[in-house]
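The primary structure of each chain is shown beneath.
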Amino acid sequence: MLKMVNVCKTYNGQEYALYNVNLHIKPKEFVFLVGPSGAGKSTFIKLLFKEINPESGDIFVNGININELEHDDIPDLRRLLGIVFQDYRLLPDRTVYENVAFAMRVIEAPSSIIRRRVMHVLDLVGLREKANSKTTELSGGEQQRVAIARAVVNDPKILIADEPTGNLDPETKWDIMRIFQQINDSGATIIMATHDEDIVNNLNKRVIGIDRGRVVRDQKRGGYDYQY
Ligand code: ADP
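Keep in mind that this is a model prediction, so the values were computed, not measured. (Residues numbered from 1 in each chain as written. Predicted model: local features only at pLDDT ≥ 70, side-chain atom pairs only at ≥ 80, totals over all residues. Heavy atoms only, no water.)

### Let's talk about the sheet that holds strand 6 (residues 81-85)
Now for step 1: As summarised here, the arrangement of the six strands in space is 6-7-8-3-9-10, forming an open sheet in which the pairing is mixed. Looking at strand neighbours, the two that pair on one side only are strand 6 and strand 10 (214-219), the edges of this open sheet. Averaged over all pairs of adjacent strands, the angle between their axes in this sheet comes to 20°, without regard to strand direction.
Now for step 2: The pairing of strand 6 with strand 7 (residues 158-162) spans five bridges and is parallel. Bridge assignment links Ile83 to a residue of strand 7, and that residue is Ile160.
Now for step 3: Sitting on the sheet, helix 5 (residues 140-152) touches strand 6 and strand 7, and the angle it makes with strand 6 is about 165°. (Pairing = 2+ DSSP bridges. Helix = DSSP H or I, 4+ residues; strand = E, 2+ residues; numbered from the N terminus. Axes fitted to C-alpha atoms, helices over the stretch in contact; angles between N-to-C directions. Contact = heavy atoms within 4.5 Å.)

Next comes the structure, spelled out in structure tokens:
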């Protein structure tokens, strides 16, 4: 599903933001990406979307070597991926429905299927009743649920989340984690960068640790803390 082979990335040609990363994440895995600030987690995520390119090494997403993609093929790559951020990044002047439908309109999905699919994902995140609310009228947890609905509406193979619970209170964050688990159960691979020890310690997933650009741990079922 996702493979990195000897991937290196520098921003300034000197220090490595990622150094010699080798990883294989299989379909339907749920993986936590942990590491201190500046470790390279966002760089990792940006490489997957081809927002940036590696200095060297190969990255395969769903069997495609993304280094070899032409510019025109990048939208096809991004269709395989959904992303959720810590700060939701919703369109503030639009409704819940419009925020989610927008993601289908940009890929030119036929309008006949948009409504059905948007309502389906709003059901999944428990927000059908709020379809016509403006996103500014929602709580943080509800906004994050809209962002998740938007990320999965085009049925991505891999859902990537960058600190998705960072702005949420403890109760709400578990609601959000249950939604991610459901999405994973229905077949998507999940890669989640997080600093939340509680979540990592309780969910017993694969944990990949990055520090100063290096993969320093990769455990099948790990907790947050790790003795190096
Ligand atoms: P994390 O997401 O784990 O906090 P990042 O991937 O953002 O880490 O950063 C990894 C390293 O790359 C850090 O040393 C950071 O300063 C550097 N870096 C990230 N983005 C840029 C950029 N656009 N220009 C220069 N250096 C960058």
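### Details of the sheet that holds strand 1 (residues 2-10)
Now for step 1: One open sheet holds the four strands; their spatial order is 2-1-4-5, and the pairing between them is antiparallel. In this open sheet, the two strands that pair with only one neighbour each are strand 2 (16-25) and strand 5 (64-65).
Now for step 2: The pairing of strand 1 with strand 2 spans six bridges and is classified as antiparallel. Within strand 2, the residue paired with Lys3 across the bridge is His24.
Now for step 3: Taken strand by strand, helix 1 (residues 41-48) contacts strand 1, strand 2 and strand 4 (56-61), and its axis lies near 120° from that of strand 1.

### Concerning the packing of helix 3 (residues 96-105) against helix 5
Now for step 1: At a closest axis distance of 8 Å, the pairing of helix 3 and helix 5 adopts a crossing angle of 25°. When the axis of helix 3 is compared with that of helix 5, the two are roughly parallel. Here helix 3 runs over helix 5; the crossing is right-handed. Touching Val96, Asn99, Val100 and Ala103 of helix 3 are Val146, Ala149 and Arg150, all from helix 5. (Parallel < 35°, antiparallel > 145°, perpendicular 65-115°, else oblique. Left-handed = near helix turned anticlockwise from the far one by under 90°.)

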